[in-house]
Amino acid sequence: MNQKNIVKSAIIKYLLAVILIVLFAAITIATGIYSTLISNVLDAKTYRIENRVEDIYESDFDSIDELNAYQAELGQKIVEEGAVLLSNDGALPLVDNITHISLLGQNSVDPVYGGHGSGAVNTSTATTLKESFEDAGFTINQDLWDFYEEGPGSDYRKEVTSVTGSGEYAVNEVPRSEYTDSVINSFDNYNDAAIIFLGRSGGESSDLPLEPMDNGYRYLEIDQNERDMIELAVEHFETIILVVNSNSPLELGILEEYPINAALWIGGLGQTGAKAVGRILNGEVNPSGRVVDTFAYDSASAPSAVNFGDYTISNSSVDKGEDYLVYAEGIYIGYRYYETRYEDKVLNQGNAGSYQYENEVQFPFGYGLSYTSFEWSNYQVSENTTHFTASITVTNTGDVAGKDVVQLYMQSPYTSYDQQNQIEKASVELVGFSKTQLLEPNESETIVIEIDKEHMKSYDAYNEETYILDDGTYYFTAAKDAHGAINNILLAKDDSLSSILVPSPSKEVAGNETMVYQYDVESFDPGMYAHSIVTEMPITNQFDDTSIHYYDDNFTYLSRSNWVDTWPELYENGSWEASSELLDDLTFYRGEEVINDPNATMPLNSTISEVYGELQLADLIDADYNDPRWEALIGQLSLSDMTRIVRLGGYGTVSSSKIGLPPTAAKDGTAGFSDTLIPGRRGMAYPTPLQMAATWNQELLNEIGRMIGEDSLQIGVTGWYAPGINIHRSPYSGRNYEYYSEDPFLSGIMASQVISGANDKGVMTYMKHFALNDQEVNRFGGAYFANEQSIREIFLKGFEIATKEGGTHAVMASMNRLGARWSGAHKGLMTNVLRNEWGFEGLVITDQASVPAMLYQDIISGLDAGTNLWLNTNSTLWKMSDYTDNPTVMTNVFNSTKNIAYSVAQSNAMNGLSSESIIIEIMPWWQKTLYILDGFALIGASVIIVKTTMKLKKHKQQTQ
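Values in this document were obtained by computation on a predicted structure and should not be read as measured data. (Residues numbered from 1 in each chain as written. Predicted model: local features only at pLDDT ≥ 70, side-chain atom pairs only at ≥ 80, totals over all residues. Heavy atoms only, no water.)

The subject of this paragraph is the overall build of the chain. When its secondary structure is counted, the chain shows 28 helices and 32 strands. Relative to the compact-globule value of 30 Å for 960 residues, the chain shows a C-alpha radius of gyration of 30 Å, a close match. If you line up the chain on its principal axes, its C-alpha atoms span 115 × 75 × 60 Å. Taking all 960 residues of the chain together, the buried fraction comes to 62%. Of the contacts made within the chain by residues no fewer than 6 positions apart, 79% connect residues no fewer than 24 positions apart. (Helix = DSSP H or I, 4+ residues; strand = E, 2+ residues; numbered from the N terminus. Rg over C-alpha atoms; globule rule 2.2 N^0.38 Å. Buried < 20%, exposed > 50% of the residue type's maximum accessible area, 1.4 Å probe, protein only. Contact = heavy atoms within 4.5 Å.)

So, about the packing of helix α3 (residues 64-82) against helix α21 (residues 698-715). Two numbers describe how α3 lies on α21: the axes approach to 11 Å, and their chain directions differ by 150 degrees. Considered as vectors, α3 and α21 are oriented roughly antiparallel to each other. As α3 packs across α21, the resulting crossing turns out to be left-handed. Along the contact surface, α3 presents Ile64, Leu67, Tyr70, Gln71, Leu74, Lys77, Ile78 and Glu81, while α21 presents Leu700, Glu703, Ile704, Met707, Glu710, Asp711 and Gln714. Across the contact of α3 with α21, the residue classes break down as eight nonpolar, two polar and five charged. (Axes fitted to C-alpha atoms, helices over the stretch in contact; angles between N-to-C directions. Parallel < 35°, antiparallel > 145°, perpendicular 65-115°, else oblique. Left-handed = near helix turned anticlockwise from the far one by under 90°. Nonpolar A, V, L, I, M, F, W, Y, C, P; charged D, E, K, R; others polar.)

Counting residues in each nonpolar core, the largest one holds 198 residues, and the members touching the most others are Leu104, Phe133, Tyr179, Ile195, Leu242, Leu252 and Phe770. Excluding residues within four positions of it along the chain, Leu242 makes contact with Ile196, Leu198, Leu252, Ile254, Leu255, Ile260, Ala262, Ala263 and Leu264. Judged by nonpolar contacts, the second largest core, of 59 residues, contains Val654, Leu661, Ile900 and Leu913. (Core = buried A, V, L, I, M, F, W, Y, C linked by side-chain atoms within 4.5 Å.)

In spatial order, the strands read β22-β23-β24-β25-β27-β30-β31; together these seven strands make up an open sheet with mixed pairing. Looking at which strands have only one partner, the edges of the open sheet turn out to be β22 (652-653) and β31 (869-871). As paired strands, strand β23 (residues 664-667) and strand β24 (residues 719-720) are joined by two bridges and run parallel to one another. By the bridge assignment, Lys667 is partnered in β24 with Trp720. (Pairing = 2+ DSSP bridges.)

A word on empty space enclosed by the protein. All chains considered together, the criterion is met by nine cavities of 30 Å³ or more. Looking at the largest cavity, its volume works out to about 250 Å³. Every residue lining the largest cavity is counted, 18 residues in all, and those nearest its centre are Arg336, Glu429, His455, Lys457 and Glu793. Contributions of two or more residues to the lining of the largest cavity are made by β15 (429-435), α22 (744-759) and α23 (788-795). Here the lining of the largest cavity is composed, by residue class, of seven nonpolar, three polar and eight charged. Roughly 180 Å³ of internal volume is contained in the second largest cavity. (1 Å grid on protein atoms, 1.4 Å probe; cavity = no way out; pocket = protein on both sides within 12 Å on 5 of 7 lines; lining within 4 Å. Points joined across faces, edges and corners; volume = space filled by probe spheres on them.)

This paragraph deals with the pattern of salt bridges. Overall, the coordinates contain 44 salt bridges when judged by the stated rule. One salt bridge in this structure joins Lys435 and Glu81, with 2.9 Å as the shortest N-O distance. Of this pair, Lys435 sits in strand β15 while Glu81 sits in helix α3, placing them 354 residues apart in sequence. There is no split in this pair, since Lys435 and Glu81 are both buried. Taken together, the shared-partner salt bridges connect Asp60, Glu703, Arg706, Glu710, Asp760 and Lys761 into one network. (Salt bridge = Lys/Arg side-chain N within 4 Å of Asp/Glu carboxyl O.)

Another point: unusual backbone geometry. Residue Pro93 is reached from Leu92 by a cis peptide bond, and omega for that bond is -5 degrees. Here Pro93 is to be found in the loop between β2 (84-88) and β3 (100-104). Here Trp696, not a glycine, exhibits a phi torsion of approximately 50 degrees, which is positive. On the secondary structure map, Trp696 appears in the loop between α20 (689-693) and α21. Backbone geometry places Leu772, a non-glycine residue, at a positive phi of 65 degrees.

For the rest of this paragraph, the subject is the layout of surface pockets. Within this model, the largest pocket holds a volume of roughly 920 Å³. The wall of the largest pocket is formed by 41 residues, among which Thr46, Tyr47, Pro663, Thr664 and Ala665 lie closest to the centre. Mapped by element, the contributors of at least two residues to the lining of the largest pocket are α2 (35-41), β1 (47-50), β22, β23, α21 and α28 (925-959). Per-element tally for the lining of the largest pocket: the top contributor is α2, with four residues. Of the residues that constitute the lining of the largest pocket, the class distribution is 16 nonpolar, 17 polar and eight charged.

This brings us to the sheet that holds strand β20 (residues 516-521). An order of β15-β14-β19-β20 is seen for the four strands of this open sheet, with the pairing classed as antiparallel. Each edge of the open sheet carries a strand with a single partner, namely β15 and β20. Along the sheet, successive strands turn relative to each other by an average axial angle of 20 degrees, direction set aside.

All chains considered together, the criterion is met by 47 aromatic pairs. With centroids separated by 5.0 Å and ring planes inclined at 20 degrees, the aromatic side chains of Phe363 and Tyr367 adopt a geometry described as stacked. For the pair Phe363 and Tyr367, a shared accessibility class is recorded, and that class is buried. For the pair Phe388 and Tyr519, a centre-to-centre distance of 4.9 Å together with 80 degrees between the ring planes defines the contact as edge-to-face. Here Phe388 is found in strand β13 (residues 387-396), whereas its partner Tyr519 is found in strand β20, with 131 residues between them in sequence. With a relative accessible area of 0%, Phe388 lands in the buried category. Among the residues examined, Tyr519 registers a relative accessible area of 17% and is labelled buried. (Phe/Tyr/Trp six-rings, centres within 6.5 Å; stacked < 30°, edge-to-face > 60°.)

None of the figures reported here should be taken as evidence of function without further support.
Here you go:
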């Protein structure tokens, strides 16, 4: 080999050696940056406990198999109790001679199990509808099933967007032209009944298309291919059952256009919920669910639809500050709009216009049928200083066993004071509910429901700037649904109205005045609810800057005082040229008031431990939040230790051996710890939260929380990024599958039950997304505007109930802005309301904050507002080295560290720990392996370099 080739070969080998060293160094650096995330994903231990003691939280099951079986039955039970019978001409349940059935629609083989993103379900192991029907004794049309699963029909499937929002939604039902003659002929052998499945899904980061799609239909309309399929069924079957498998209410006018005998609604089915469907249709189970959203004939008829979408601040160049949304409808979400405008139309008030309820609402909020009938009697209400107590007797007057749901609604007076001061009142609002036990025919049960008198308060943002109690008559009524409730009240006001009232679809007679209790308040009271009942702190406006009035004095929110003239318009036509004031506010990150407080002092340091001695977190497991030992404990840490704990909170919290703080793992999954989201570890994905809410069964929701706690113990994941408590502001919100309802009271009660059950097993429940994350488009930094009354009475109410009654110790902030300010930096929300008014004790975490694109979630201003932990897996982000001498910032870090430690102390991460235990931080196995590989790579590269150099020297000597 000549000299030139030898040199060339040596250079290549040197380059390979350098590349090898650089590659492994880069891998080591990169994995070091994301080491906590990698350890979390790989379930790699980063610590061990010496002097371990007995666990505080333990499983109630003797084996994993026993737990799996119970959880599978629970998932099934949620659908059995949450499925809603929408219509039935007597065809359901299917009688014994109906056995050979055809399942129509591509959704039959590809049902909606959950939602895309944090609602994902492992469909490969989920119960199929085929299994459900066969287990229920039906023989299904195999030719038709094969057509959808692997034949020409398999080319058609629902399309949904990705977790990042890319892609599009599409229904993609199989066109009629694709049905072969052999498939159509197969109907003759399976024509006892056609079960038609229609499905709609949803996903994280994008909303459902409100505008007509390429096929000319909105996403929630029944499109032409679906109609053609229904017509095909009409041609070949006498018995037709429609199953609506959707996370949003569809427009179901087809039930009146086609001879469909019965319709059943189900939400996302989860891992095992599909098994319930066959049992419901054959009558083994009597469905007892009630809808949690209003089903309108026109899904875009609600006032929220006017301002729902992608709107731009045309002159903004602020990072993640170019988008906006105005909640112009105020409190009139869902039934609060439809039923209130109906009352005003009936009473000829409020300029209700040409509104016709019977053309607007198909199935009202709370509606649902049964295979049996129930009679209510002996409705009574009593009161004491703080509560009303309502009782009612429910009797099964039908032929089969079933469960009923008693719903209590309140109407507050809408006074001249309210109209003058822009206080809005819904005609009815849900204030209590209860589900009966399974009642046999002729069996009765007396239901007792307590109603807190606090429900009578209203928020006065413009005059008293606090909660008020109006004078006038309050009505409390027991009803089957929201529309029945307002009809009851209207008859109590004037029984001559009976001839013009529109009945609920479940009743031939509109209203029953015997189901109404009236309570009179003699005088207006602005002080009764002006202080927090929990903390005694004064309550006053916190969201003036979140109302569009803050930047536009001329704006008018929707008001029932004049429906027609205050009907919303698209604010600034979707392209807003903002004022310089708004642009300045959008750029706020860390104002001078945050970092330059002349009266601030540095937080306590380790000298306080001289009073209490060296403490471990286990010493404070049962300590009150205000116990001074918390300061002594945190004072044992250096400021560097604290900042690490605060800024590295991605999918868990980090440990500190100095104070015995164990690390925790945390995962998404609003319907449970799905094994799709936690690869390699078992976990149950239950039906979607709106399906849970549709059960109206509080005890069942508590049990769901307990079983999520069981999974927490089994898979070693302490933190649960759930439950989701945002509002179904529109049926088109892409993430409605994660949230419970259009109603905040129902949402809050159901969430609080799940939280309470999970608390029993030591789960850290991070209720989310706090707040106003009620659509997905522009949730990254979008400026969302709503008035104070709607924020408090609609969008925060569920969170408030979950805090006060559920006892959560963790909250996840939203990524959007409240007005111009990111939610996590809004002190009115994170401190003044959450902590000072509601009495929350624990930590607030950001939503995802692991990439530079999320830097608008500023850590300095966020800490000052009351956010404590950054959902960050990148060790290079959110460093505060410029502020370690700043007393304001470091005090906020100190307080945040306390909140994190306090939350962990309430969790099952404390299992095995006592004051004598020692947490020893260890290198995870994957990092050890990587360092070994680094060593081999370095040695290998060195050998290459040495041998190549020696060879060059030797050749040089030979040629000299």
